[in-house]
Amino acid sequence: MNPIIEIGDQPGLRVAVYPGSFDPVTNGHLDIIHRAAKVFDKLIVAVLNNTSKNPLFSVEERTELLWQATRDLPNVEIDSFRDLLINYMKQKNAHLIVRGLRAVSDFEYELQLASTNRKLCEDIETFFMTSTPKYSYLSSSIVKEIARFHGPVVDLVPPEVERALRGKYGSGSL
Ligand code: ADP
């Protein structure tokens with residue numbers, strides 16, 4: 001199947017979905033978003049509303065932070081979903097998934113996820129983008145751990161996320 005899909009009145013537009021928890025968005029995610037936005041015509045960053053994960057930020061807070069951090073990117077849209085990813089993709093008429101790979105440790109899970117999505121819907125293709133080396137250690141969990149103990153996260157997240165973390169954990173020496 002040709003991955004060039006047709007949406008609405010804009011035939012041939014390459015629409016990709018970048019799904020994740022983004023709890024909260026980090027500079028590592030933003031690096032992938034900026035690079036993917038250059039490759040695809042439209043990138044939908046989709047926040048997973050996963051109640052089993054007990055997130056620090058609500059879906060509304062996560063989407064708002066993503067929106068603020070990407071507002072200079074005209075072809076990036078922020079959304080959220082609680083359905084199975086492939087059902088959400090069908091709704092959006094999108095066939096392309098973007099995921100980031102930091103290290104070999106990400107690979108096994110990501111392969112499982114990509115293979116499952118392909119099994120559920122054979123038209124879906126997953127594109128992996130390797131992390132820029134300076135962000136290869138960075139995760140939302142690490143950021144939350146540092147912020148919880150009032151350590152500096154200024155180089156790890158955009159300014160609005162730093163402020164939001166201060167709001168959750170208090171400022172300390174952050
Ligand atoms: P999930 O809970 O679905 O893994 P995350 O928000 O942790 O969601 O990550 C979403 C995607 O972004 C995943 O593909 C993850 O591997 C990727 N990612 C997370 N942090 C980084 C980073 N520092 N560099 C590159 N990709 C990353």
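These numbers were taken from a predicted model, which means no experiment stands behind them.

### Some details on the UniProt feature "domain: Cytidyltransferase-like" (unreviewed entry) in the chain
At step 1: Those residues carrying the UniProt feature "domain: Cytidyltransferase-like" (unreviewed entry) are residues 17-145 in this numbering.
At step 2: Measuring from the first to the last C-alpha atom of residues 17-145 gives 28 Å, for a span that is 43% helix and 22% strand.

### Here's the deal with the environment of Ser-139
At step 1: Secondary-structure assignment places Ser-139 in the loop between β5 (125-130) and α5 (140-148).
At step 2: Among the residues examined, Ser-139 registers a relative accessible area of 15% and is labelled buried.
At step 3: Separated by 116 residues in sequence, Ser-139 and Asp-23 have C-alpha atoms that sit 9.3 Å apart.
At step 4: Setting aside its immediate chain neighbours within four residues, Ser-139 contacts Thr-26 and Arg-102.

### Examining the site of the ligand
At step 1: For the ligand, the set of nearby residues contains 17 residues, the closest of which are Tyr-18, Ser-21, Lys-53, Gly-100 and Tyr-135.
At step 2: For the ligand, an oxygen atom lies 2.9 Å from a polar atom in the backbone of Phe-22.
At step 3: Measuring from an oxygen atom of the ligand, one finds a side-chain N or O atom of Glu-110 at 3.3 Å.
At step 4: Mapped by element, the contributors of at least two residues to the shell around the ligand are β1 (15-20), α1 (27-39), β4 (96-101) and α4 (104-120).
At step 5: Grouping the constituent residues of the shell around the ligand by class yields 6 nonpolar, 6 polar and 5 charged.

### Some words on the UniProt feature "site: Transition state stabilizer" (unreviewed entry) in the chain
At step 1: Per the UniProt annotation, the sites labelled "site: Transition state stabilizer" (unreviewed entry) are His-29.
At step 2: Topologically, His-29 is positioned in helix α1.
At step 3: Its relative accessible area of 18% is what places His-29 among the buried residues.
At step 4: In this view, His-29 contacts Tyr-18, Phe-22, Pro-24 and Ser-140; residues no more than four positions away in its chain are not counted.

### Focus: the side chain of Thr-26
At step 1: Position of Thr-26 relative to the elements: it lies in the loop between β1 and α1.
At step 2: Apart from the residues lying within four places of it in its own chain, the contact partners of Thr-26 are Leu-138, Ser-139, Ser-140, Val-143, Leu-156, Val-157 and Pro-158.

The rules we used
Residues numbered from 1 in each chain as written. Predicted model: local features only at pLDDT ≥ 70, side-chain atom pairs only at ≥ 80, totals over all residues. Heavy atoms only, no water. UniProt positions renumbered as here; feature names shortened; annotations may be inferred. Helix = DSSP H or I, 4+ residues; strand = E, 2+ residues; numbered from the N terminus. Buried < 20%, exposed > 50% of the residue type's maximum accessible area, 1.4 Å probe, protein only. Contact = heavy atoms within 4.5 Å. Near = heavy atom within 4 Å. Polar contact = N/O pair within 3.5 Å; in protein donor to acceptor, adjacent residues only side chain to side chain. Nonpolar A, V, L, I, M, F, W, Y, C, P; charged D, E, K, R; others polar.

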